[in-house]
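A look at the structure
As a plain string of letters, each chain reads:
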Amino acid sequence: MSASASLGPDGPWFRSSYSNGAGGECLECAITRTAVGVRDSKNPEIGAIAVSLTAWAPFVRSAGRAISVTAP
């Protein structure tokens, strides 16, 4: 089974603790044994992106640096 196949619509999806439910931009994540899935919480039916576990940590570090550089 591929990593994305294990990230079904009823899988272990969760939102960040920073998500307040006020309708802002929000992603959901799901962690499996082989991948991390990311999808749009407002449009989960369009699918998810599956990232391997080994690629996830560098992705998060890179995203964090990009946010700190562009923050006012």
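1. What about the confidence of the model for the protein chain?
When pLDDT is averaged along the protein chain, the result is 75, and 62% of the positions lie at 70 or above. Residue range residues 1-5 is modelled with pLDDT below 50. Its contacts to residues more than four positions away, or to other chains, number 5 contacts.

2. Describing a nonpolar patch on the surface
Among the surface-exposed residues, Phe14, Ile31 and Leu53 lie close enough to one another that they form a single nonpolar patch of about 270 Å² accessible area. With respect to the secondary-structure elements, Phe14 resides in strand β1 (residues 14-15).

3. Brief notes about the sheet that holds strand β4 (residues 49-52)
The 4 strands lie next to each other as β1-β2-β3-β4, forming an open sheet whose pairing is antiparallel. At either margin of the open sheet sits one strand with a lone partner, and together these are β1 and β4. Both β1 and strand β2 (residues 27-31) contribute to a ladder of 2 bridges, which runs antiparallel. Opposite Arg15, over in β2, you have Glu28 as the bridge partner.

4. Details of the pattern of salt bridges
Following the criterion strictly, the structure yields 2 salt bridges and no others. The salt bridge partner of Arg15 is Glu28, with a shortest N-O separation of 3.3 Å. Residue Arg15 is located in strand β1, and its partner Glu28 is located in strand β2; the two are separated by 13 residues in the primary sequence. Taking relative accessible area as the criterion, Glu28 reaches 10% and is therefore assigned buried. Between Arg39 and Glu28 there is a salt bridge, with the nearest N and O atoms lying 2.7 Å from each other. Highlighted residues: Arg39 in strand β3 (residues 35-40) and Glu28 in strand β2, separated in sequence by 11 residues. By sharing partners, the salt bridges in this structure join Arg15, Glu28 and Arg39 into a single network.

5. Observations regarding the packing of aromatic side chains
The final tally for this structure, using the stated rule, is 1 aromatic pair. Aromatic side chains Trp56 and Phe59 sit 5.4 Å apart centroid to centroid with 35 degrees between the ring planes, which places their arrangement in the tilted category. Of this pair, Trp56 and Phe59 both sit in helix α1 (residues 53-70), 3 residues apart, which is roughly one turn of the helix. Overall, Phe59 belongs to the partly exposed group, its relative accessible area being 47%.

The rules behind each value
- Residues numbered from 1 in each chain as written.
- Predicted model: local features only at pLDDT ≥ 70, side-chain atom pairs only at ≥ 80, totals over all residues.
- Heavy atoms only, no water.
- pLDDT = per-residue confidence, 0-100.
- Contact = heavy atoms within 4.5 Å.
- Patch = residues over 30% accessible without salt bridge, like charges linked within 9 Å, V, L, I, M, F, W, Y side chains within 5 Å.
- Areas by Shrake-Rupley, 256 points an atom, 1.4 Å probe, with all protein chains shown as cover.
- Salt bridge = Lys/Arg side-chain N within 4 Å of Asp/Glu carboxyl O.
- Helix = DSSP H or I, 4+ residues; strand = E, 2+ residues; numbered from the N terminus.
- Pairing = 2+ DSSP bridges.
- Buried < 20%, exposed > 50% of the residue type's maximum accessible area, 1.4 Å probe, protein only.
- Phe/Tyr/Trp six-rings, centres within 6.5 Å; stacked < 30°, edge-to-face > 60°.

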